[in-house]
Amino acid sequence: MVRHAVAAALGLTLSAAAALTADGLNVPPPVCLGTGEYTGDVATAAVGSALQLGYRCIDTAHEYNNQAAVGGAINAALRNASLGLQRSDIYVISKVEGGLTAAETTARLHADVAALGVGRIDLVLLHFPKAAPGSSLETSIQEQWRSIAGFVGAGGAAAGGVSQFCGVALAALDKAGVGYRPVLNQVGLHVGMGSDPEGVVSTAEARKDMAIMAYSPLAEAAPQLLHGPTLLSIARAHGQNVTTAQVALRWLSQKGIPYAVAATNPAYQAENLHAAASSSGFELSDADLARLDALTQPAGCPFWPGSACWALTCNRTV
């Protein structure tokens with residue numbers, strides 16, 4: 001297979017479905033394929049290509065409306081004897097949107113399992129904090145988290161987490177009274193936002209039982225990232241085959257932060273996977289990391305405007 005040859009040539013390592021950090025946290029593999037931009041045949045092809053290249057993590061969500069296509073591609077890969085994959089080799093992340101009632105949340109979670117058709121989901125996330133109609137933000141977060149915790153307890157998912165949660169939202173969740181805390185917070189994070197935007201990294205570190213994962217790690221292909229002088233300088237210093245996108249992704253992987261990155265082109269998928277591989281052939285120096293930490297463009301927020309945390313942080317009135 002051509003893609004197998006590409007993966008072998010790049011020295012890509014097929015990772016296990018999940019890894020334990022030094023703190024004992026069960027987290028996704030270093031690189032996940034993000035599928036939020038794809039539906040139908042495009043989603044099927046993207047997932048199929050990624051799994052052939054060596055991706056072992058697929059990220060989807062209920063509101064992406066692509067779960068049947070994503071699940072179909074996963075099952076096709078499992079049937080492909082040349083890949084030699086078992087279901088436990090592929091880490092599947094799904095999400096349910098905020099602002100729902102407890103009953104609606106549970107119904108969406110069960111619908112996700114049915115649509116994906118791959119059995120138990122590895123990680124389900126509360127996609128963003130939002131108040132349900134007629135309810136407070138705190139009450140809504142707590143009701144939805146109880147539904148997720150119950151879903152995990154019943155075996156529908158192996159673990160539960162959150163996405164785009166700030167400290168205020170996490171504090172509300174902690175009062176849900178279920179004795180189960182999120183294992184991961186998926187947030188927007190890329191070069192240009194600093195090393196700890198809105199305190200999301202330090203908040204996770206202080207909790208000690210929650211990892212951070214980045215989405216949109218390439219800032220939606222922002223020119224300041226792909227063509228920025230600092231990234232170009234660092235990429236060139238590490239050899240002609242290193243791209244600015246790989247430098248930006250390596251910045252995350254060397255911090256121990258897994259990322260979900262979207263791509264349909266197998267060449268770009270391979271580049272994105274290679275950036276985190278131990279065999280990638282390049283390592284950012286402390287000086288490189290410091291230069292990247294200091295960048296302020298492309299600017300960004302860990303929370304999208306649909307998250308209540310956006311109004312509480314990035315859009316707050318000074």
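Residues numbered from 1 in each chain as written. Predicted model: local features only at pLDDT ≥ 70, side-chain atom pairs only at ≥ 80, totals over all residues. Heavy atoms only, no water.

Draft legend 1. Representation of the overall build of the chain in the model. The helix and strand tally for the chain stands at 13 helices and 10 strands. For 318 residues, the compact-globule formula gives about 20 Å, and the C-alpha radius of gyration of the chain, at 19 Å, lands near that figure. C-alpha atoms of the chain, sized along the principal axes, occupy 55 × 55 × 35 Å. Look at the contacts in the chain between residues 6 or more apart in sequence, and 75% of them connect residues 24 or more apart. (Helix = DSSP H or I, 4+ residues; strand = E, 2+ residues; numbered from the N terminus. Rg over C-alpha atoms; globule rule 2.2 N^0.38 Å. Contact = heavy atoms within 4.5 Å.)

Draft legend 2. Here's a closer look at the packing of aromatic side chains. Taken as a whole, this structure holds two aromatic pairs when the rule is applied. Each ring, one from phenylalanine 128 and one from tryptophan 304, has its centre 5.4 Å from the other, and the planes form 75°; the classification is edge-to-face. Of this pair, phenylalanine 128 sits in the loop between strand E6 (123-126) and helix H5 (137-153) while tryptophan 304 sits in the loop between helix H12 (286-294) and helix H13 (308-312); the two residues are 176 residues apart in sequence, bridging distant segments of the chain. On the accessibility criterion, phenylalanine 128 (7% relative accessible area) is buried. Looking at arginine 250, its charged tip hangs above the ring of phenylalanine 282, at a distance of 5.6 Å from the centre. (Phe/Tyr/Trp six-rings, centres within 6.5 Å; stacked < 30°, edge-to-face > 60°. Buried < 20%, exposed > 50% of the residue type's maximum accessible area, 1.4 Å probe, protein only. Lys NZ or Arg CZ within 6 Å of the ring centre and 35° of its normal.)

Draft legend 3. Quick peek at the nonpolar core. Among the nonpolar cores identified, the biggest contains 80 residues, and Ile74, Tyr259 and Leu292 are the most heavily contacted of them. Here isoleucine 74 is in contact with Val47, Leu51, Ile58, Ile90, Val92 and Val118, once residues within four sequence places are set aside. In this structure, Cys32, Leu123, Leu184 and Ala260 belong to the second largest nonpolar core, which totals 11 residues. (Core = buried A, V, L, I, M, F, W, Y, C linked by side-chain atoms within 4.5 Å.)

Draft legend 4. Inspection of unusual backbone geometry at higher detail. Look at the link from glutamine 297 to proline 298: it is a cis peptide, with omega at 0°. Its place among the elements puts proline 298 in the loop between H12 and H13. Of note in the backbone geometry, alanine 219 takes a positive phi value of approximately 50° without being a glycine. Along the chain, alanine 219 falls in the loop between strand E9 (211-215) and helix H8 (223-226). Unlike most non-glycine residues, alanine 221 shows phi in positive territory, near 60°. Residue placement: alanine 221 occurs in the loop between E9 and H8.

Draft legend 5. A look at the pairing of E6. Of the two faces of E6, the one holding Leu123 and Leu125 and the one holding Val124 and Leu126 are both buried throughout. The parallel pair strand E5 (residues 91-96) and E6 is bridged by helix H4 (residues 102-116), and the resulting crossover is right-handed. Looking at chain direction, E6 and strand E7 (residues 160-163) are connected through three bridges and run parallel. Bridged to leucine 125 within E7 is glycine 161. (Right-handed = clockwise from strand over helix to strand, strands pointing away. Pairing = 2+ DSSP bridges.)

Draft legend 6. Here's a closer look at the sheet that holds strand E4 (residues 57-59). Pairing is parallel in the closed barrel, where eight strands are placed in the order E3-E4-E5-E6-E7-E8-E9-E10. Averaged over all pairs of adjacent strands, the angle between their axes in this sheet comes to 25°, without regard to strand direction. Across five bridges, strand E8 (residues 184-188) lies against E9 in parallel orientation. Paired with valine 187 across the strands is alanine 214, a residue of E9. (Axes fitted to C-alpha atoms, helices over the stretch in contact; angles between N-to-C directions.)

Draft legend 7. Seen up close, the side chain of threonine 35. Turning to its location among the elements, threonine 35 is positioned in the loop between strand E3 (31-34) and helix H2 (40-53). Of note is the side chain of threonine 35, whose polar atom sits 2.7 Å from the backbone oxygen of aspartate 59. (Polar contact = N/O pair within 3.5 Å; in protein donor to acceptor, adjacent residues only side chain to side chain.)

Draft legend 8. Here's a closer look at the packing of H4 against H5. Close contact between H4 and H5 brings their axes to 8 Å; oriented N to C, the two are set at 40°. Both H4 and H5 take part in a crossing whose hand is right-handed. Here Ala102, Thr105, Thr106, Leu109, His110 and Val113 of H4 come into contact with H5, specifically with Glu143, Gln144, Ser147, Ile148 and Phe151. (Left-handed = near helix turned anticlockwise from the far one by under 90°.)

Limitation: the analysis is restricted to geometry and does not speak to function.
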